[in-house]
Amino acid sequence: MNWVKKFGEIGVMWKLNPDNHEGAHALLTSGNHSDGFVNCSKIAEDPALVSEVATALIEMVNEVLGDVKPEYVVGPAYGAITFAHEVARQLGVKFAFTEVAYTDEGKMQIMKRFDIPKGARVLVIEDVKSTGMSALKTIASLEELGIDVLPVVGLIINRSGDPTLGDKKVVALVDVKMNIYPEDGCSICKTGSEAVRPKGNWEKLAR
Ligand SMILES: [Zn+2]
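Keep in mind the model is a prediction, meaning the values are calculated, not measured.

J.: Would you mind showing me how to read unusual backbone geometry here?
T.: Peptide bonds are mostly trans, and most non-glycine residues show a negative phi. Cis rather than trans, the peptide bond between Ala 77 and Tyr 78 has omega equal to -10°. Mapped onto the fold, Tyr 78 is located in the loop between strand 5 (72–76) and helix 4 (81–91).

Right under this line is the structure:
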């Protein structure tokens with residue numbers, strides 16, 4: 001499967017063609033500009049595609065893990081829930097998710113609704129890695145509970161350009177570095193390209 005092509009066709013991801021100055025680039029909800037955009041809801045809304053994505057992810061993860069089998073698959077809410085659940089279903093193991101909680105240490109990802117035993121082997125699945133914070137916080141909170149987080153994290157799209165999450169290795173169906181620029185320092189704007197919200201303007205983006 002050519003995931004870049006497939007995801008591009010259905011609005012999951014877009015990456016700037018720097019030679020096309022007629023086309024627009026991405027205005028993110030943060031107000032920053034970018035040469036890329038990811039929307040994994042376009043996968044999550046299609047259960048058959050979620051199943052295909054999970055099968056491919058399991059294959060990549062297994063190449064790293066070898067004979068080691070997880071007992072649970074965990075993803076951070078909300079983005080990774082659908083995918084972690086399907087990976088768990090296909091592996092025939094249990095599933096849980098972590099969710100945002102505001103603590104004295106700031107915004108954390110904690111497991112509120114599930115009870116995974118100490119020492120259980122857990123595979124972490126995430127939809128997209130931008131900064132990687134939600135996956136890192138998920139790993140930290142599980143390890144604090146004495147849970148054995150496996151050394152590989154499965155991602156659908158890694159847009160960070162960094163193949164690690166702390167001491168874990170990252171495998172991703174799509175690896176593509178997407179840069180983020182502040183509105184007043186955007187080098188793409190300087191080429192004459194317009195910044196637009198990708199949702200609703202998909203066909204305007206420079207390809
Ligand atoms: Zn711009």
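Now, onward.
J.: Even after reading the chapter, I still don't get the layout of surface pockets, so can you show me in this structure?
T.: Remark: the empty space left among the atoms is shown by a probe the size of a water molecule rolled over them. Estimated volume of the largest pocket: approximately 880 Å³. Elements supplying a minimum of two residues to the lining of the largest pocket: strand 4 (36–38), helix 2 (41–44), helix 4, strand 7 (106–110), strand 8 (121–129) and helix 5 (133–144). When its residues are assigned to classes, the lining of the largest pocket shows 16 nonpolar, twelve polar and eight charged. Looking at the second largest pocket, its volume works out to about 170 Å³. Every residue lining the second largest pocket is listed: Thr 103, Glu 105, Met 108, Ile 110, Met 111, Lys 137, Ala 140, Ser 141, Glu 144 and Leu 145. Every element with two or more residues in the lining of the second largest pocket is listed here: strand 7 and helix 5.

J.: I keep staring at helix 4 and nothing clicks. Help me out?
T.: Helical geometry: 3.6 residues make up each α-helical turn, so side chains three or four residues apart lie on a common side. By the burial criterion, the buried members of helix 4 are Ile 81, Phe 83, Ala 84, Glu 86, Val 87 and Ala 88. Remark: Gly 92 follows helix 4 within two positions and exhibits a positive phi of approximately 75°.

J.: Which parts of the structure should I look at to understand the nonpolar core?
T.: Among the nonpolar cores identified, the biggest contains 37 residues, and Phe 7, Ile 43, Val 53, Ile 156 and Ile 157 are the most heavily contacted of them. Among the elements of the structure, helix 1 (3–9), helix 3 (47–65), helix 4, strand 6 (94–103), strand 8, strand 9 (148–158) and strand 11 (168–175) are those that each provide at least two residues to this core. At nine residues, the largest contribution of residues to this core is made by helix 3. Contact partners of Ile 157, with chain neighbours within four places excluded, come to Phe 7, Val 12, Met 13, Val 38, Cys 40, Asp 127, Val 128, Lys 129 and Val 174. Membership of the second largest hydrophobic core comes to 18 residues, among which are Ile 116, Val 122, Ile 147 and Ala 172.

J.: Help me understand the side chain of His 33, please; the structure alone is not making it clear to me.
T.: Structurally, His 33 can be placed in strand 3 (residues 33–34). Residue classification places His 33 among the buried positions, given a relative accessible area of 5%. Polar contacts involving the side chain of His 33 include one to the side chain of His 25, which spans 3.4 Å.

J.: Is there a simple way to explain the coordination of the zinc ion in this structure?
T.: Ideal donor angles around a metal are set by the shape: a four-donor tetrahedron calls for 109.5 degrees, a six-donor octahedron for 90 or 180 degrees. Surrounding the zinc ion are the protein donor atoms His 25 (NE2), His 33 (ND1), Cys 186 (SG) and Cys 189 (SG), at 2.1 to 2.4 Å. The site at the zinc ion holds four donor atoms, and with the angles between them running 97 to 117°, its shape is tetrahedral. Written as a sequence motif, the donor arrangement for the zinc ion is H-x7-H-x152-C-x2-C. With His 25 in strand 2 (residues 25–27) and Cys 189 in the loop between strand 12 (180–181) and strand 13 (195–196), this residue pair connects regions lying 164 residues apart in the sequence.

J.: I'm lost on the sheet that holds strand 8 in this one. Help?
T.: Picture the strands of a sheet paired through backbone hydrogen bonds; they go either parallel or antiparallel. Strand order in the open sheet made by the seven strands is 7-6-5-8-9-11-10, with mixed pairing throughout. If you trace the sheet from one side to the other, it starts and ends with strand 7 and strand 10 (164–165), each paired once. Both strand 6 and strand 7 contribute to a ladder of five bridges, which runs antiparallel. The residue bridging Ala 101 from the neighbouring strand is Met 108, located in strand 7. Here helix 5 sits on the sheet and contacts strand 5, strand 6, strand 7, strand 8, strand 9, strand 10 and strand 11; the angle it forms with strand 7, its principal contact strand, is near 65°.

J.: When you look at the packing of helix 3 against helix 4 in this model, what are you seeing that I'm missing?
T.: Pairs of packed helices are described in terms of their axes, by the angle between the two and the distance that separates them. Look at helix 3 against helix 4: their axes get within 9 Å of each other, and the N-to-C directions meet at 65°. By the angle class used here, helix 3 and helix 4 are roughly perpendicular. Of the two possible hands of crossing, helix 3 and helix 4 adopt the one that is right-handed. On helix 4, the residues that touch Val 50, Ser 51, Val 53, Ala 54, Thr 55 and Ile 58 of helix 3 are Thr 82, Phe 83, Glu 86, Val 87, Gln 90 and Leu 91. Class assignment for the residues of the contact of helix 3 with helix 4 results in seven nonpolar, four polar and one charged.

Cut-offs and rules
Residues numbered from 1 in each chain as written. Predicted model: local features only at pLDDT ≥ 70, side-chain atom pairs only at ≥ 80, totals over all residues. Heavy atoms only, no water. Helix = DSSP H or I, 4+ residues; strand = E, 2+ residues; numbered from the N terminus. 1 Å grid on protein atoms, 1.4 Å probe; cavity = no way out; pocket = protein on both sides within 12 Å on 5 of 7 lines; lining within 4 Å. Points joined across faces, edges and corners; volume = space filled by probe spheres on them. Nonpolar A, V, L, I, M, F, W, Y, C, P; charged D, E, K, R; others polar. Buried < 20%, exposed > 50% of the residue type's maximum accessible area, 1.4 Å probe, protein only. Core = buried A, V, L, I, M, F, W, Y, C linked by side-chain atoms within 4.5 Å. Contact = heavy atoms within 4.5 Å. Polar contact = N/O pair within 3.5 Å; in protein donor to acceptor, adjacent residues only side chain to side chain. Donors = N, O, S within 2.8 Å, 3.2 Å for Na, K, Ca; no water. Tetrahedral: all angles 85-135°; square planar, octahedral: opposite > 155°, others 65-115°. Pairing = 2+ DSSP bridges. Axes fitted to C-alpha atoms, helices over the stretch in contact; angles between N-to-C directions. Parallel < 35°, antiparallel > 145°, perpendicular 65-115°, else oblique. Left-handed = near helix turned anticlockwise from the far one by under 90°.

Purely geometric numbers; function is a separate question.
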